[in-house]
Amino acid sequence: MAPVSRLAGITAHTMRQVCTIYRYAGADDTGQPIYHEGVATPCRLAIRTRRVMDDAGDYITNQEVVVIVPADTAIQAMDMVDLPSPYQQGAVVASVATATDMLGHVTHQAVRIA
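Residues numbered from 1 in each chain as written. Predicted model: local features only at pLDDT ≥ 70, side-chain atom pairs only at ≥ 80, totals over all residues. Heavy atoms only, no water.

> Looking at this structure, how should I read the sheet that holds strand S6 (residues 80–82)?
Strands sit in the order S1-S4-S5-S8-S7-S6 around a closed barrel of six strands; the barrel is antiparallel. Looking at each pair of strands side by side, their axes are set apart by 50° on average, direction ignored. Inspection of the sheet shows strand S5 (residues 59–70) paired to strand S8 (residues 106–113) by five bridges, in the antiparallel sense. Within the sheet, the bridge partner assigned to valine 66 lies in S8 and is arginine 112. (Pairing = 2+ DSSP bridges. Helix = DSSP H or I, 4+ residues; strand = E, 2+ residues; numbered from the N terminus. Axes fitted to C-alpha atoms, helices over the stretch in contact; angles between N-to-C directions.)

> Just checking my understanding: could you explain the side chain of aspartate 101 for this structure?
Tracing the backbone through its elements, the reader meets aspartate 101 in the loop between strand S7 (91–100) and S8. Ignoring any residue separated from it by four or fewer positions in sequence, one finds aspartate 101 in contact with Ser5, Leu7 and Thr107. (Contact = heavy atoms within 4.5 Å.)

> I tried to follow the environment of proline 86 on my own but got confused; where do I start?
Following the sequence through the fold, proline 86 ends up in the loop between S6 and S7. For the pair proline 86 and threonine 98, spaced 12 residues apart in sequence, the C-alpha separation works out to 26 Å.

> Any chance you could explain the packing of aromatic side chains here in plain terms?
Going through the model one piece at a time under the given rule, you end up with one aromatic pair. Ring geometry for tyrosine 24 versus tyrosine 35: centroids 5.9 Å apart, planes at 70°, classification edge-to-face. Of the two residues, tyrosine 24 is situated in strand S2 (residues 24–27) and tyrosine 35 in strand S3 (residues 33–35); the sequence distance between them amounts to 11 residues. Given a relative accessible area of 27%, tyrosine 24 falls into the partly exposed group. Taking relative accessible area as the criterion, tyrosine 35 reaches 22% and is therefore assigned partly exposed. (Phe/Tyr/Trp six-rings, centres within 6.5 Å; stacked < 30°, edge-to-face > 60°. Buried < 20%, exposed > 50% of the residue type's maximum accessible area, 1.4 Å probe, protein only.)

> Hey, could you run me through the pairing of S5 in this one?
Regular strands have side chains that alternate between both faces of the sheet. Across 10 bridges, strand S4 (residues 39–53) lies against S5 in antiparallel orientation. Bridged to methionine 53 within S5 is tyrosine 59. What sits between S4 and S5 in their antiparallel hairpin is a turn of five residues, with glycine 57 showing a positive phi close to 90°.

> I would appreciate a short explanation of the environment of tyrosine 59 in the present structure.
Positionally, tyrosine 59 belongs in strand S5. Taking the C-alpha atoms as reference, tyrosine 59 lies 26 Å from proline 86; in sequence the two are 27 residues apart. In contact with tyrosine 59, other than residues within four places in its own chain, are Arg51, Val52 and Met53.

> Looking at this structure, I do not really get the nonpolar core. What am I missing?
Note on soluble globular proteins: their nonpolar side chains tend to be buried together. Cys19, Val67, Val69, Ile75, Val81 and Leu83 are the most contacted members of the largest nonpolar core, which has 14 residues in total. Contributing elements (two or more residues each) for this core: strand S1 (17–22), S4, S5, S7 and S8. Top element by residues in this core is S5. It accounts for three residues. (Core = buried A, V, L, I, M, F, W, Y, C linked by side-chain atoms within 4.5 Å.)

> Whenever I open this one, the side chain of glutamine 109 confuses me. Can you help?
Along the chain, glutamine 109 turns up in strand S8. A distance of 3.1 Å separates the side chain of glutamine 109 from the backbone oxygen of alanine 71, its partner in a polar contact. (Polar contact = N/O pair within 3.5 Å; in protein donor to acceptor, adjacent residues only side chain to side chain.)

> What is the right way to read the pattern of salt bridges from this model?
Oppositely charged side chains can pair when the atoms bearing their charge come close. Using the criterion set out here, one finds two salt bridges in the structure. Among the ionic pairs, arginine 23 bridges to aspartate 79, the shortest N-O distance being 2.9 Å. With arginine 23 in the loop between S1 and S2 and aspartate 79 in the loop between S5 and S6, this residue pair connects regions lying 56 residues apart in the sequence. Accessibility expressed as a relative area gives 28% for arginine 23, which makes it partly exposed. (Salt bridge = Lys/Arg side-chain N within 4 Å of Asp/Glu carboxyl O.)

Just geometry here; none of it tells us what the structure is for.
What follows is the structure, encoded as structure tokens:
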């Protein structure tokens, strides 16, 4: 991971919500995922609403929740996240994007859930 930016502290200051991250540990004999103990982490939820066309040609409203977490948070795809109420509990992480400043230093991570 790239060095942490001085802007990371400013970004972290805006994270006034808390989510619980459960690191993916593997799968059991039946293929069910196993997770480590949860870790409470400050976060900020960014709700993105957009209109998209479905297969029938009708417009529907789609909401995506992006969880912004501090730069040094240990998180990756397949981890599980409990979001603050009233949002989804047990959401599986689909992808993690690392945001950087102009010098390439990490400011925060944007987590998309499945």
